[in-house]
Amino acid sequence: MTESRPVPIALPHAFFDRDAQELARDLLGKVIRHKVGGLWLSARIIETEAYYFAEKGSHASLGYTEKRRALFLDGGHIYMYYARGGDSLNFSAQGPGNAVLIKSAYPWVDAISGPDSLAQMLLNNPDAQGRPRSPQKLCAGQTLLCKALGLKVPDWDAKRFDPERLLVEDVGVPTVNVIQTTRLGIPLGRDEHLPYRFVDAAYAPWCTRNPLRRGQVEGRDYFLLC
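In this text the structure is predicted, and so the values were computed from the model without any measurement.

Below, the discussion takes up the pairing of strand 4 (residues 86-92). Successive side chains on a regular strand alternate, one facing one side of the sheet and the next facing the other. For strand 4, the tally of buried residues reaches seven of seven residues, placing the bulk of the element in the interior. Direction of pairing for strand 3 (residues 78-83) relative to strand 4: antiparallel, over a ladder of six bridges. Each residue of the ladder has a partner; that of Ile78, found in strand 4, is Phe91. With antiparallel pairing between neighbouring strands as the criterion, strand 3 and strand 4 make up a hairpin whose turn holds two residues, including Arg84 at a positive phi of roughly 50°. Sheet topology places strand 4 next to strand 5 (residues 99-107); three bridges connect them, and they run antiparallel. Bridge assignment links Ser92 to a residue of strand 5, and that residue is Ala99.

Before going further, it helps to examine the packing of aromatic side chains. The final tally for this structure, using the stated rule, is 11 aromatic pairs. Where Tyr52 meets Tyr196, the ring centres are 5.3 Å apart and the plane angle is 70°; that geometry is what we call edge-to-face. Here Tyr52 is found in the loop between strand 2 (39-51) and strand 3, whereas its partner Tyr196 is found in the loop between strand 7 (178-181) and strand 8 (197-200), with 144 residues between them in sequence. Each member of the aromatic cluster is reached from another via a ring pair, and the members are Phe15, Phe16, Phe91 and Phe161. The side chain of Arg18 reaches across the aromatic face of Phe15, ending 4.4 Å from its centre.

The subject of this paragraph is the nonpolar core. In a soluble, globular protein the nonpolar side chains are often hidden away together inside. Membership of the largest hydrophobic core comes to 41 residues, with the highest contact counts inside it found for Phe16, Leu27, Ile32, Leu89, Phe91 and Ile102. Those residues in contact with Ile102 that lie beyond four places of it in its chain are Leu27, Ile32, Ile45, Glu47, Thr48, Leu89, Phe91, Gln142 and Leu145. Of all hydrophobic cores here, the second largest spans 11 residues; its members include Tyr79, Tyr81, Leu101 and Ile186.

Quick notes on the rules
Residues numbered from 1 in each chain as written. Predicted model: local features only at pLDDT ≥ 70, side-chain atom pairs only at ≥ 80, totals over all residues. Heavy atoms only, no water. Buried < 20%, exposed > 50% of the residue type's maximum accessible area, 1.4 Å probe, protein only. Helix = DSSP H or I, 4+ residues; strand = E, 2+ residues; numbered from the N terminus. Pairing = 2+ DSSP bridges. Phe/Tyr/Trp six-rings, centres within 6.5 Å; stacked < 30°, edge-to-face > 60°. Lys NZ or Arg CZ within 6 Å of the ring centre and 35° of its normal. Core = buried A, V, L, I, M, F, W, Y, C linked by side-chain atoms within 4.5 Å. Contact = heavy atoms within 4.5 Å.

Have a look at this one:
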């Protein structure tokens, strides 16, 4: 008889109904799980960015449209869009137009998501030559993350989490040190100076862009939060 695997426990919707920066920081270390073909594909969140309606870097600042509807819904709705042709994952936060972008993650293997789940993620997201990526680079970017987890805009945009298909779980492994710095890819003049990007310091080498790379100075280019 095959031993059944544990069942993941989703964070409640109330977890997401908070200030966007607070949510962005507290999402670090949480695990996104997406069930595909009977497998829970999973990744630990290591990098996030907060966005507000009132600042120019956000999609919501461009105004309400049906495509941006999820940004104006209660905290805990999923907002997905295409970034450079790839799918991108966001969660609405407290207040209309406020949200958190899941910038990058790291493959997560445990009793729920075993080696077979990681193998499927590697198949989902090969490199440009069709070869398997290293686990460290598999989810190192917002579109790479969605590709590895099999998340698609048409399936999840403006939806709530589904505890049987897509959820975020607290697996009890805390983030010890958090780096706070400026966001990536914000055009000049659109509040690019705001320090709304948060990185799990232990995983800094594998996020979208390492905030601890050579030449970066603590207190000037980034802040280390405990």
